[in-house]
Amino acid sequence: MRRLILIFAALPLFHCRQAPAPPTGLVTDNAMVVSARKEASEIGVAIMQNGGNAFDAMVGTELALAVAYPFAGNLGGGGFMVYRMNNGDVGALDYREKAPLAAHKDMYLDSLGNVIPGMSTIGATSVGVPGTIAGIFEVHEKFGALPIEDIIARVIELVDQGVEVTEKQSRRLDAYWDQIVEVNGDQTLFYNKCMPGDTLRYPALANTLQRIAKNGRDEFYKGETAKILSRFIQEKGGFVTEEDLARYEAKWRQPIIFRYKDLKIISMSPPSSGGVTINQIFKMIEPYDIGQYHHNSAEAVQLFTEAARRAYADRNYYLGDPDFVDIPLDVLLSREYVKGRMESFSFNEATTSSDIERGTVEILESSETTHYSIVDAEGNAVSVTTTLNGAYGSKLYCDELGFFLNNEMDDFSAKTGVPNMFGLTGAEANSIAAEKRMLSSMTPTIVEKDDRLWLVVGTPGGSTIITAVAQTILNVYEFDMSMQEAVNAARFHHQWLPDNIRFEPEGFSEELKQQLKSKGYRINEGRNGFIGMVDAIRVLEDGRLEGGADKRGDDTAVGF
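Residues numbered from 1 in each chain as written. Predicted model: local features only at pLDDT ≥ 70, side-chain atom pairs only at ≥ 80, totals over all residues. Heavy atoms only, no water.

Engineer: What is the right way to look at helix α3 (residues 54–68) in this model?
Structural biologist: Counted at 1.5 Å a residue, the expected span for α3 with its 15 residues is 21 Å, and the 20 Å between its end C-alpha atoms agrees. Where α3 begins, the capping side chain belongs to N53, and its oxygen is found 2.9 Å from the backbone nitrogen of F55. (Helix = DSSP H or I, 4+ residues; strand = E, 2+ residues; numbered from the N terminus. Expected span 1.5 Å × (residues − 1). Polar contact = N/O pair within 3.5 Å; in protein donor to acceptor, adjacent residues only side chain to side chain.)

Engineer: Teacher, can you tell me more about the UniProt feature "active site" (unreviewed entry) in the chain here?
Structural biologist: Here the UniProt-annotated "active site" (unreviewed entry) positions come out as T369. Residue T369 is classed as buried on the basis of its relative accessible area, which comes to 5%. When sequence neighbours within four positions are dropped, the list of residues in contact with T369 reads A72, T385, T386, T387, M442, P460 and G461. Side-chain polar atoms of T369 contact the side chain of T387, separated by 3.0 Å. (UniProt positions renumbered as here; feature names shortened; annotations may be inferred. Buried < 20%, exposed > 50% of the residue type's maximum accessible area, 1.4 Å probe, protein only. Contact = heavy atoms within 4.5 Å.)

Engineer: Can you help me understand the pairing of strand β2 (residues 32–35) in this one?
Structural biologist: Along any regular strand, the residues point their side chains to alternate faces of the sheet. Taking every second residue as pointing to the same face, both faces of β2 are buried, with M32 and V34 on one and V33 and S35 on the other. Pairing of β2 with strand β10 (residues 369–375), which is carried by 3 bridges, proceeds in the antiparallel orientation. Its bridge partner being in β10, M32 is matched across the sheet by V375. Bridge count for β2 against strand β20 (residues 556–559) is 4 bridges, and the pairing is antiparallel. Looking at the pairing, M32 lines up with G559 of β20. (Pairing = 2+ DSSP bridges.)

Engineer: Can you help me understand the pairing of strand β3 (residues 78–84) in this one?
Structural biologist: The buried fraction of β3 amounts to 7 of the 7 residues, a majority that puts the element mostly inside the structure. With burial as the criterion, each face of β3 is covered, one bearing G78, F80, V82 and R84 and the other bearing G79, M81 and Y83. The pairing of β3 with strand β11 (residues 381–387) spans 7 bridges and is classified as antiparallel. When the sheet's bridge partners are listed, G78 is paired in β11 with T387. Connecting β3 to the antiparallel partner strand β4 (residues 90–95) that follows it, the hairpin turn spans 5 residues, and G88 within it adopts a positive phi of roughly 95 degrees.

Engineer: Hey, could you run me through the packing of helix α12 (residues 298–318) against helix α17 (residues 510–518) in this one?
Structural biologist: The axes of two packed helices give the description: the angle between them and the distance between them. As a packed pair, α12 and α17 sit with axes 10 Å apart at the nearest point and diverge in direction by 50 degrees. The orientation of α12 with respect to α17, classified from their angle, is oblique. As α12 runs across α17, the sense of the crossing is right-handed. Taking contact as the criterion, the partners of A298, V301 and Q302 in α12 are, on α17, L512, Q515 and L516. Counted by class, the contact of α12 with α17 contains 4 nonpolar, 2 polar and no charged residues. (Axes fitted to C-alpha atoms, helices over the stretch in contact; angles between N-to-C directions. Parallel < 35°, antiparallel > 145°, perpendicular 65-115°, else oblique. Left-handed = near helix turned anticlockwise from the far one by under 90°. Nonpolar A, V, L, I, M, F, W, Y, C, P; charged D, E, K, R; others polar.)

Okay, structure coming up:
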């Protein structure tokens, strides 16, 4: 009897996990690409069917998104890639944009020290040095299996045949048409008004890609394309020069790697804030076992919110380009430090953000990014998030080259304590400096379970990226959802400042919100849109792949 009592007393100490949720998304046997557009996913899969690996598929998918999804896909932007080889080796590539040589801390301030409206968000003055082409060539040189000119040829075929406009794409084009015309004039070659079912073609983009396929990476950074691009930006009043392009290099980084229970999470390191912030969030919630609560219950929302509040406060204050800023990662990511951050947490009432030190500035960052996840037949995995920053970036479209330019300079802190276009406020660590990379929330992530590849995940969403990725992982691991269910599930967000919880339009009851309000939480009662568009892959126990393509967009999983 005494032995039985001891056994039953010990039972609550063990976390009993249910069997993995059966798949509800697309399931394939060998390989998969999940991206924002069917055309891009299909090109990535076709490359792998033709003998290419996940890294070849990355090149094709990245370039195809510039054709099919110019809202965020790009040649004129940049991004981050996290990879895991089938032997367990991991790494990360930073091809984030950089500030031009002419950049300086006060470049967006007037004579009185006030931020000049629009200068860092619209037009040529907002453009940073693009990194996308350097990134894909860097990846291909290290890991590619197929000739890169063959990969680019597939994308050129897509440009030539054109891309059908979806209903959602048509709405986006209409929403931003006036801004695009304001920046480029009504004679822009980007497109004329179009309806769902119409076809978009960019002949100039095909010419640019043909030159890059023939002349390689240097065509974009030192060749004819570089000359056209730098001249165009400067004629429009921007700062990027031929020298800026010639000096650009993508950079290999060590990813942020940490454990959450029996998971190993591999995410992007600074100048992305994603890996550090998601690491802190998971460490803060781990002692409370969030899985014991119902999904999106008041307790689960409260615990996650309080962890996010504290992690974002640190994010805003400490993080920046590690080539320019000393970041105390050993302290920020230590369990002792994280435990101390949660000492003021109570389920009884909200912590106010004004009581949380550090970060004295708020975060603003575009939500118009895009993500894609890839697993190949050999088990190599790639997680990539890429962006122009705002929707269609700076809205500046180069007719001669056929693509949009980024407005990434707005991701710097134009002035300490002044929010950017996404409400994020930054500190000195993210101030502007020549050749510095701006802080980002992009969080391409790979998860291992029992030392095997388990999830490949990421999303657009600006400052909401980190919380969307974290919630998607928790949905599968703690709340026993399939990959597709986890991606579809309603999401919420808190980023320290502004001090309110933002809920997606559907999926959260008024009763839940009232419960939280009674504890002192402020709810964003405004018209809230979607939080992220997650594209993810789960490796099932039998080795097959389940795709999670976000229903919020035109996102599509394709595989074989």
